[in-house]
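This is what each chain is made of:
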Amino acid sequence: MRTLNLGILAHVDAGKTTLTERLLHAAGVIDQLGSVDSGTTQTDSLALERQRGITIRSAVASLRIGGTEVNIIDTPGHPDFIAEVDRVLGVLDGAVLVVSAVEGVQPQTRLLMRALRRLCVPTLIFINKTDRRGADAQRVYAEIARRLDVTVVSATAPTAALADALTSADDALLREYVEDEASVTARRLRAELAAQTARCAVHPLFGGSAMTGAGVDELMAGLADLLPPAAGEPARPLRGRIFKVERGPAGEKVAYVRLFDGELRVRDHPTGGRDRITAIHMLENGVWVRRDTVAAGQIAALRGLAGVRVGDTLGDSAMQMDHHFAPPMLEALAVPRRPGDGGRLRSALMLLAEQDPLINVRADERDGTAVSLYGEVQKEVIQTTLAADFGVDADFLQTTTLCVERPKATGEGLKRLNTPSNPYQATIGLRVEPGPPGSGVTVHVPVDYRLAPLYVYRTLDLFQEAMGDYVRDALAAGPHGWPVTDCVVTMTDSGYSVADGPPSLRGPTSTAQDFRRLTPIVVAQALAAGGTVVCEPLARVTLEVPARAPSGVLSLLSKLGAMVEDQVARADEMVIVAVLTAADAQELHRMLPEVTGGEGVLEAAFAGHRPVRGKPPRRE
């Protein structure tokens with residue numbers, strides 16, 4: 001039995017959850033079709049998803065097509081929940097990108113296709129809603145090729161048309177076709193279409209209606225024979241990734257893993273700590289079944305791993321979680337409505353952060369908790385979830401832009417053992433240097449093993465890893481309160497005390513707490529010495545506006561202080577690319593319908609940070 005881990009992606013309301021439902025029904029997994037509008041679909045299982053009619057959390061379902069077990073991961077379409085899509089992209093073998101035959105290519109469609117191409121995820125495209133009023137499949141077909149900048153091939157085209165499309169990308173096939181057209185059979189072309197799809201050279205196109213089932217049989221056949229199955233070797237060292245975390249009926253943590261290599265068994269300790277797997281469940285033809293083992297290429301739900309978070313890797317620690325979309329650029333403070341609920345609010349948000357680490361929970365001295373956000377809908381969902389699932393009523397204060405701080409110059413900090421200004425039993429010296437924009441935080445700990453308390457950390461590697469964690473935690477808030485990034489931190493000195501040591505090192509035995517608590521003091525000293533610059537996030541926006549409307553849009557961009565990078569006239573529209581602050585991009589999004597008669601389309605992408613002009617804002 002082959003395994004295919006398949007993502008279904010789309011702009012919100014294009015019909016991906018309905019398509020998932022139709023595929024499950026066509027495969028015989030469910031007897032009755034659910035409805036997004038009535039909240040009865042298989043994958044939108046959260047009460048809030050059923051209430052709002054949108055997907056908020058990725059969900060896993062499965063079906064069987066011939067000899068292929070297909071694990072379907074239904075993802076959110078709303079841009080506020082792009083982090084859910086981000087986590088799924090790295091575990092896919094293939095994808096279906098759903099495009100509405102009415103609305104056509106939308107901003108999220110383009111964002112998703114760019115990410116799929118960047119990762120070379122073989123992707124089928126399904127033009128949905130061809131039965132709706134206003135549908136124009138031919139227009140959308142041309143729009144997909146033009147606006148997504150991809151080579152699309154009708155998977156149901158006549159042999160001659162399919163041959164023309166495929167030979168243009170394969171010289172060997174072209175020569176064979178020219179020399180002996182009869183030898184290039186329909187079967188051969190289907191195999192070549194699968195090969196070019198696997199290389200992401202072409203994207204097979206299907207059309208139909210998820211609501212009525214039209215075209216779904218053809219799509220299912222394409223899933224089975226055009227997308228490559230999962231690869232991986234059970235005999236290789238363990239390599240897997242946690243892409244989803246939720247709580248079970250009894251409050252226990254359930255971690256969803258995609259295994260790339262190796263095997264996992266019940267009672268294994270895959271995280272290297274005390275946590276062990278107590279149960280493994282896998283989907284087989286739509287039903288969760290208990291298994292003793294999960295092998296390379298498969299997806300499973302694991303119980304017993306209380307310490308894991310979304311994005312954690314199992315086995316190969318070098319397999320990092322790459323982010324394919326912009327980080328959150330907004331922040332809001334959640335405050336409890338009832339006095340004294342601050343602790344419960346923080347605990348509830350910490351549990352939600354297990355499912356979505358990018359909300360980046362941060363305690364605030366005003367008895368509230370700050371969270372990072374993608375948008376207002378996400379904020380409303382968190383607020384509703386706090387009340388419904390945790391019994392915590394909270395209000396969110398005004399959403400603000402999430403800035404960062406960068407070191408202005410190199411600064412050093414040092415606290416030595418047994419000196420009046422050092423309350424802890426440790427010596428720590430740190431140098432903080434500016435790094436290239438977008439480089440994040442790099443920590444070096446090049447200390448001699450004799451200067452590290454190995455009776456606490458056991459090995460020098462573990463001491464270096466712990467110091468890296470302490471430094472990154474300390475950089476969560478710089479002199480102005482914002483996260484410090486784009487820097488290189490080097491440990492320049494280290495020392496610890498023992499009862500029988502020389503006078504300068506003599507004292508109570510040093511502990512891990514001494515190093516953990518002293519690190520932020522030394523980091524703050526180094527940052528104060530070098531100074532920091534507060535930087536605000538930028539967005540690069542691509543605007544598609546009617547040809548009659550560019551003057552109004554350009555005037556608005558000028559008013560918002562945007563820098564226009566490009567203007568291209570195309571048919572009956574104008575494409576404008578500009579860079580402006582994330583806060584102004586939100587305002588542009590709000591005002592665009594007014595200046596374009598509702599016909600303007602805006603796509604925004606993270607474009608880095610720039611120093612704030614004027615007085616730098618302070619994060620409370």
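Above: the structure in question.
Definitions and limits used
- Residues numbered from 1 in each chain as written.
- Predicted model: local features only at pLDDT ≥ 70, side-chain atom pairs only at ≥ 80, totals over all residues.
- Heavy atoms only, no water.
- Helix = DSSP H or I, 4+ residues; strand = E, 2+ residues; numbered from the N terminus.
- Rg over C-alpha atoms; globule rule 2.2 N^0.38 Å.
- Buried < 20%, exposed > 50% of the residue type's maximum accessible area, 1.4 Å probe, protein only.
- Areas by Shrake-Rupley, 256 points an atom, 1.4 Å probe, with all protein chains shown as cover.
- Lys, Arg positive; Asp, Glu negative; His and termini not counted.
- Salt bridge = Lys/Arg side-chain N within 4 Å of Asp/Glu carboxyl O.
- Polar contact = N/O pair within 3.5 Å; in protein donor to acceptor, adjacent residues only side chain to side chain.
- Contact = heavy atoms within 4.5 Å.
- Phe/Tyr/Trp six-rings, centres within 6.5 Å; stacked < 30°, edge-to-face > 60°.
- Pairing = 2+ DSSP bridges.
- Axes fitted to C-alpha atoms, helices over the stretch in contact; angles between N-to-C directions.
- Parallel < 35°, antiparallel > 145°, perpendicular 65-115°, else oblique.
- Left-handed = near helix turned anticlockwise from the far one by under 90°.
- Nonpolar A, V, L, I, M, F, W, Y, C, P; charged D, E, K, R; others polar.
- Core = buried A, V, L, I, M, F, W, Y, C linked by side-chain atoms within 4.5 Å.
- 1 Å grid on protein atoms, 1.4 Å probe; cavity = no way out; pocket = protein on both sides within 12 Å on 5 of 7 lines; lining within 4 Å.
- Points joined across faces, edges and corners; volume = space filled by probe spheres on them.

S.K.: Can you walk me through the overall build of the chain in this structure?
M.R.: The helix and strand inventory of the chain stands at 16 helices and 29 strands. A compact globule built from 620 residues should have a C-alpha radius of gyration of about 25 Å, and the chain, at 27 Å, falls within 12% of that. For the chain, buried positions account for 52% of its 620 residues. Total accessible area on the chain is roughly 27,300 Å²; 50% of this is exposed by carbon and sulfur atoms.

S.K.: Sorry if this is basic, but what is going on with the side chain of Lys 415 here?
M.R.: Secondary-structure assignment places Lys 415 in strand S22 (residues 411–415). The buried charged residue Lys 415 lacks any salt bridge, with Asp 493 as its nearest oppositely charged partner at 13 Å. A polar side-chain atom of Lys 415 sits 3.3 Å from a polar atom in the side chain of Ser 421. Residues in contact with Lys 415, not counting those within four places in the same chain, are Ser 421, Asn 422, Ala 426, Thr 427, Ile 428, Leu 518, Ile 521, Val 522 and Gln 525.

S.K.: Would you explain the packing of aromatic side chains in this entry?
M.R.: Where two aromatic rings form a pair, the distance of their centres and the angle of their planes describe that pair. As enumerated under the stated definition, the model contains six aromatic pairs in all. Their ring planes at 65 degrees and their centres at 5.7 Å tell us that Tyr 455 and Tyr 496 sit as a pair that is edge-to-face. Separated by 41 residues along the polypeptide, Tyr 455 in helix H12 (residues 454–457) and Tyr 496 in strand S25 (residues 487–496) bring together distant segments of the chain. Owing to a relative accessible area of 43%, Tyr 455 belongs among the partly exposed residues under this scheme. Ring centres of Tyr 457 and Phe 463 lie 5.2 Å apart, and the angle between their planes is 65 degrees; this geometry places the pair in the edge-to-face category.

S.K.: Can you walk me through the sheet that holds strand S14 (residues 299–303) in this structure?
M.R.: Strand pairing in a sheet takes place through backbone hydrogen bonds and is either antiparallel or parallel in direction. One open sheet accounts for six strands, arranged S12-S11-S14-S9-S8-S15; its pairing is antiparallel. The sheet terminates laterally at strand S12 (287–291) and strand S15 (313–315), the two strands that pair on one side only. Taking the axes of each pair of neighbouring strands and ignoring which way they run, one obtains an average angle of 35 degrees across the sheet. One ladder, built from three bridges, connects strand S8 (residues 239–247) with S15; its direction is antiparallel. Note on S15: the bridge partner recorded for Arg 241 is Thr 313.

S.K.: Can you help me understand the packing of helix H3 (residues 82–89) against helix H4 (residues 107–118) in this one?
M.R.: Angle between the axes and distance between the axes: these two values describe a pair of packed helices. Two numbers describe how H3 lies on H4: the axes approach to 11 Å, and their chain directions differ by 20 degrees. By the angle between their directions, the pair H3 and H4 is classed as roughly parallel. Relative to H4, the crossing made by H3 is right-handed. From H3, Ile 82, Val 85 and Leu 89 reach across to H4, where they touch Gln 108, Leu 111, Leu 112, Ala 115 and Leu 116. In the contact of H3 with H4, the residues fall into seven nonpolar, one polar and no charged.

S.K.: Whenever I open this one, the nonpolar core confuses me. Can you help?
M.R.: Grouped burial of nonpolar side chains is what soluble globular proteins tend to show. Core analysis: the biggest nonpolar cluster contains 39 residues, and Leu 6, Leu 19, Leu 23, Val 96, Leu 124 and Leu 223 have the highest contact counts within it. For this core, the element with the highest residue contribution is helix H9 (residues 216–226), accounting for six residues. In this structure, Leu 19 is in contact with Val 96, Val 98, Phe 126, Ala 210, Val 216 and Leu 219, ignoring residues within four places of it in sequence. Of all hydrophobic cores here, the second largest spans 37 residues; its members include Val 85, Met 113, Leu 116 and Leu 205.

S.K.: I keep staring at the layout of surface pockets and nothing clicks. Help me out?
M.R.: To locate leftover empty space, one rolls a probe as large as a water molecule over the atoms. One number sums up the size of the second largest pocket: a volume of about 1,200 Å³. Taken together, 41 residues make up the lining of the second largest pocket; nearest its centre are Pro 79, Gln 108, His 589, Leu 602 and Ala 604. Going through the elements one at a time, H4, helix H11 (376–390), helix H16 (582–596) and strand S29 (601–611) are the ones with two or more residues in the lining of the second largest pocket. It is H16 that provides the largest number of residues to the lining of the second largest pocket, a total of seven residues. Along the lines of polarity and charge, the residues of the lining of the second largest pocket split into 24 nonpolar, 11 polar and six charged.

S.K.: Looking at this structure, how should I read the environment of Phe 396?
M.R.: With respect to the element layout, Phe 396 can be found in strand S19 (residues 394–396). Through-space distance from the C-alpha of Phe 396 to that of Gly 342 is 13 Å; in sequence the pair is 54 residues apart. Setting aside residues no more than four positions away along its own chain, Phe 396 makes contact with Ala 332, Leu 333, Ala 334, Val 371, Lys 379, Ile 382 and Gln 383.

S.K.: What am I meant to see in the sheet that holds strand S5 (residues 123–128) here?
M.R.: With mixed pairing, the seven strands of this open sheet are ordered in space as S2-S3-S1-S4-S5-S7-S6. A strand with exactly one partner marks an edge of an open sheet, and here the two such strands are strand S2 (59–65) and strand S6 (152–154). Looking at each pair of strands side by side, their axes are set apart by 30 degrees on average, direction ignored. Bridge analysis of S6 against strand S7 (residues 203–207) gives three bridges, and the strand direction is parallel. Residue pairing in the sheet places Val 153 in a bridge with Pro 204 of S7. Sheet strands touched by H4: strand S1 (2–10), strand S4 (94–100), S5 and S7. Its angle to S4, the strand with the most contacts, is close to 160 degrees.

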